[in-house]
Amino acid sequence: MQNKGLIKLFAFLFGLVSIYQLSYTFITAKVEKDAELFATSAISPSEEDYVAKREMVEATYLDSIGANPILGYTSYDDAKKKELNKGLDLKGGINVTLQISVKDILKGLADNTKNPVFNKALADADEASKDSDETYIELFFEAFDNIKGDLKLASPDIFANKGLSDEINFQMSDDEVKPIIRRKIDESVVSAFEVLRERIDGFGVTQPNIQREGNSGRILVELPGARDIARAQDLLSSTAQLEFWETYEPGNQSLVNFFIQANDRLKTLVESTTEDSVDKEESEIDSLLSDVTQDSLDLAAESNPLFEKLQLSGPGYAVGIAAIKDTAEVGAYLRMPEIRRLLPADVQFTKFLWERPTSDSEIASLYALKSNRDNEPRISGDVVSDARDQFDQFNRPAVGMDMNVKGAKLWEKLTSEANLNNTGIAIVLDNKVYTAPGVSQVGGISGGSSEITGTFTVNETKDIANVLRAGKLPASAEIIDSFVVGPSLGQEAIDSGFTSFLIAMVFVLIWMIFYYGKAGIFADIALVFNIVLIFGVLSSLGAVLTLPGIAGIVLTIGMSVDANVLIFERIKEELAKGKGKGQAISDGFANALSSILDANVTTGLTAIILLIFGSGPIKGFATTLIIGILTSLFTAIFVTRLLVEWYISGKGRTLDFSTSITKNLFKNLNIDFLGKRKIAYVLSSILVVIGIFSLVTQGLDQGVDFVGGRNYQIRFVNPVNPSEITSELTESLGSASAKTFGDANQIMVTTKYKVDVQGTEVDEEILTILYTNLQKYLPDGTTYEEFIPGGSNGDVGVLKYRKVGPTIADDIKKNALWAIIGSLAVVFLYILLRFRKWQYSLGAVMAVFHDVLIVLGIFSLTSKIMPFSMEVDQAFIAAILTVIGYSLNDTVVVFDRIREIVAEHGWKGGTNINLALNSTLSRTLNTSLTTLVVLLAIFVFGGESLRGFMFAMIIGVIVGTYSSLFIATPVMFDTLKNKIAPKK
């Protein structure tokens, strides 16, 4: 091997840099452990809310020592920025995909026009977007073109308005306007991205991740370690639409008369409602309320439908109060057209809004705000130039604001009128009244500075000031996909992941020594060095380590053994030919190189496809697999060779590449694989037909990734009956299923309840329903705060939940299909280029189809009887693609040997093909065995969430080994033999 010195230097520096990068992770782990011990000793478990108090003490401790030097080259704050990033499934936190509403942006660009053609085009685009892959803006343009008639996009009441007058004029054609609108849409999404990034920077989590997903208008946000999940979701989805409204004076007689008439009118409506119209009324109110049961809509049993829910004369400038549970229903009554028509002329455009209640309150105040025909506030939040969290004169948390010159003038006028009219000023953020104080200063408040006070916590004032500083989103942001993991589950994932990692590692190390003797020790050294390099590269690249990522690393251990096995088996063959040790080693490495490269390129190609089409944790799996393949090639080809050549260069040293037990294993084998191919064809056909029949009749258990919905992983102290829980939850949620997930005291609840409804309120509503229905299974005294993810009781309650909207579920399904098709196409072309005969590609692809259909068939047949989750989700697709890669890896090694032997000795009626298969059998079984044991270690010890993923891969490895011998090679032989025969 040439340039040994350069390779040694590179390996030394590579290893040194990897250890240096990993040192930051060890430093932060040590400091955080000290902080945890300090907090544990400072706060006794007997104290109320001790978990939250310990977290505060821990955070204070870390802040106090953050800048202190450590080991002379870093500090905790510095090391924290450079440590190995852990994903949500290892650290807990929240991952959301936000869909910025292009429809809202278009409305804003058109100055909220009332043009019927424009609004009809928006409605048509809404409908078309449900079944189309095209972007919303293109669907809108298409819908507009279909119905526009003589109307143009550059009409004065559409886009040729005052706001866009610098860029769009009346003479422009639609083709000229469209690129401008596309650019404006993109600018708005970029603006939303920047607003969200500023908000996240102020949220206080370490290593947040935010990125755009192409031109889809989607933004991916990941907040590892975020414990206050509700706070994080509100921060992300809030548009931060700040508005200032004037209230009516207390006891306004027109409003009092309206409420009395409204109550009477509701009685009349109920008395004249038939059963059919009651059902209709329910569906209308259901679209407005977060949850209305049939019992609450049985208005006929109520003598005062409105006043039994709403009490007039609220505190301050509020017009009434109601129980929080009744606010949605009262709000629905007040929005009904029949009720709105009762408003007197002087209060005709009144806007009713509820206050933002405190977390421990059971009632909320209703405010009546002075509005106008266009429903516009007196002052909007875009006049706010700065905002900060502070404390008011009574030392209560508050938010201070400064306004620009325009805002200061409007503010002075508004506060002056409020003082004269004895009215209040309602400060509204995202349609919730935060406070509504009166104004005592005659002539109004000048200067534009003001303060929002109320019953806030310090965190709430920080968040409000944060979103006001960052500005409002240019459009609403809907959470279409969210993934929440509690911190306790994250720690369990770390423990189970590394347990499986160590067990697999130990087995592989022992096996290599058992099978190859001293040479196995050198392979083990290279393997350990390989693991250090993988973690070092992950850390230096800032990549995120996930639980599937750990699985990818463990799989890399099994697959990286393959390169050493190929090399050692070829060296043994060269030694059997009578060559000297030095020459045999040199020739063995040279002859194995082609097979090693081919096998790793095919696996790498499937990993790249997975990286392109996958998302979240699946990208983590693909990333570690790609890095593992590259580092494995380096350590096997160069590091192992350096060690072997160093050892044999010493005087009197021998290296046999086997032990006394394994010396003659698989030697002189003469199995007639081709002679048994018809039996294999029949057996495989039967298995494939059974699998296809099951797939057609029974299908697969598709997870929420593919069908949309929510699922919740919930743990109890004692075993529970999932059928009983399914029945109870179905009554409350309409659609729900519970399955045992791992141990008998843990279930996975899946529901499609209100999956189309936007907002975090539905998440809270479902968690409340789950808590209420499952309370009898929980320990006595378990509170709602302990039950939800990130709650103070990490051992029971909701450990993890996932929401996937129907739109993104369709996208995930399409991406999964394209990933499989793409990987097959790429690999077909690669093999065609390498072997120059399409028959080789056909054999490989037929074997892959065979393997995939059998894995799918087994999943379909056994999904209802297995004691673990057999849901088909993104992780399953990752498993299928890995099976494709593994099967091709095996097949390519066999094909390489066939090509080599046939090139030297000819076909001889298939005899030499059997010879090639027998000569690679040792390598095939060795690699399959080590990979299988590694997968079994992850399956048993790697945690419940990986069990279905690993089961698919275990089946895939077994079937893939079989297919490379009995499907791929026979198919290649049968399609090629007729062309070869005449030349023979």
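Residues numbered from 1 in each chain as written. Predicted model: local features only at pLDDT ≥ 70, side-chain atom pairs only at ≥ 80, totals over all residues. Heavy atoms only, no water.

Trainee: Go over the side chain of Asn-161, please, and point to the residues and values.
Mentor: Structurally, Asn-161 is set in the loop between helix H7 (136-147) and helix H8 (174-201). From its side chain, Asn-161 meets the backbone oxygen of Leu-109 in a polar contact 2.9 Å long. (Helix = DSSP H or I, 4+ residues; strand = E, 2+ residues; numbered from the N terminus. Polar contact = N/O pair within 3.5 Å; in protein donor to acceptor, adjacent residues only side chain to side chain.)

Trainee: Residue-level account of the sheet that holds strand S16 (residues 432-435), with values.
Mentor: Across the sheet, 4 strands lie side by side as S12-S7-S15-S16; this open sheet has antiparallel pairing. Two strands lie at the open edges of the sheet, namely strand S12 (379-380) and S16, each paired on one side alone. As judged from the 3 bridges shared by strand S15 (residues 425-429) and S16, these two strands associate in the antiparallel manner. By the bridge assignment for S16, Val-428 is matched with Val-433. Sheet strands in contact with helix H14 (residues 405-421) are strand S7 (242-246), S12 and S15, and its direction is about 35 degrees off that of S7. (Pairing = 2+ DSSP bridges. Contact = heavy atoms within 4.5 Å. Axes fitted to C-alpha atoms, helices over the stretch in contact; angles between N-to-C directions.)

Trainee: Tell me about the environment of Ile-185, residues and numbers included.
Mentor: The topology assignment puts Ile-185 in helix H8. By relative accessible area, Ile-185 is classed as buried at 7%. Along the primary structure Ile-185 and Lys-103 are separated by 82 residues, whereas in three dimensions their C-alpha atoms are 9.7 Å apart. For Ile-185, the residues in contact, after removing those within four places along its chain, are Val-102, Ile-105, Leu-106, Leu-109 and Ile-137. (Buried < 20%, exposed > 50% of the residue type's maximum accessible area, 1.4 Å probe, protein only.)

Trainee: Tell me about the nonpolar core, and please be specific about residues and values.
Mentor: Counting 123 residues, the largest nonpolar core has Phe-568, Ile-831, Phe-876, Ile-884 and Ile-898 as the members making the most contacts within it. Not counting chain neighbours up to four residues away, the residues in contact with Ile-831 comprise Arg-836, Tyr-840, Ser-841, Ala-844, Leu-888 and Val-892. Core analysis: the second largest hydrophobic core is formed by 66 residues, Phe-141, Ile-168, Leu-196 and Val-221 among them. (Core = buried A, V, L, I, M, F, W, Y, C linked by side-chain atoms within 4.5 Å.)

Trainee: Which residues make up the packing of aromatic side chains, and what are the values?
Mentor: By the definition in use, this model includes 29 aromatic pairs. Centroid distance Tyr-20 to Tyr-73: 5.8 Å. Interplanar angle 35 degrees. Geometry classified as tilted. Of this pair, Tyr-20 sits in helix H1 (residues 4-42) while Tyr-73 sits in the loop between strand S1 (69-70) and strand S2 (74-75), and the two are 53 residues apart along the sequence. Where Tyr-515 meets Tyr-516, the ring centres are 4.8 Å apart and the plane angle is 65 degrees; that geometry is what we call edge-to-face. Tyr-516 carries the same exposure label as Tyr-515, and that label is buried. Of the aromatic side chains, those joined through ring pairs into one cluster are Phe-507, Trp-511, Phe-514, Tyr-515, Tyr-516, Phe-568 and Phe-657. (Phe/Tyr/Trp six-rings, centres within 6.5 Å; stacked < 30°, edge-to-face > 60°.)

Trainee: An account of unusual backbone geometry is needed here, citing residue identities and associated values.
Mentor: Phi is positive for Leu-71, which is not a glycine, with a value near 60 degrees. For Leu-71, the position within the fold is in the loop between S1 and S2. For Leu-71, a relative accessible area of 68% corresponds to the exposed category.

Trainee: Tell me what's going on with helix H23 (residues 722-733), and back it up with residues and numbers.
Mentor: Taking 1.5 Å as the rise per residue, H23 with 12 residues should run 16 Å; its terminal C-alpha atoms sit 15 Å apart, in good agreement. Listing the buried residues of H23 in full gives Pro-722, Ile-725, Thr-726, Glu-728, Leu-729 and Leu-733. (Expected span 1.5 Å × (residues − 1).)

Trainee: Go over the sheet that holds strand S11 (residues 363-369) with me, naming the residues and quoting the values.
Mentor: The antiparallel open sheet is built from 4 strands, whose spatial order is S8-S9-S11-S10. Every interior strand has two partners, whereas the edge strands, strand S8 (310-312) and strand S10 (351-354), have only one. Ignoring which end each strand starts from, the neighbouring axes of this sheet average 25 degrees apart. With 4 bridges joining them, S10 and S11 adopt antiparallel strand pairing. Note that in S11 the partner of Trp-354 across the bridge is Leu-366. Relative to the sheet, helix H12 (residues 324-335) contacts S8, strand S9 (320-323), S10 and S11, its axis offset from that of S9 by approximately 125 degrees.

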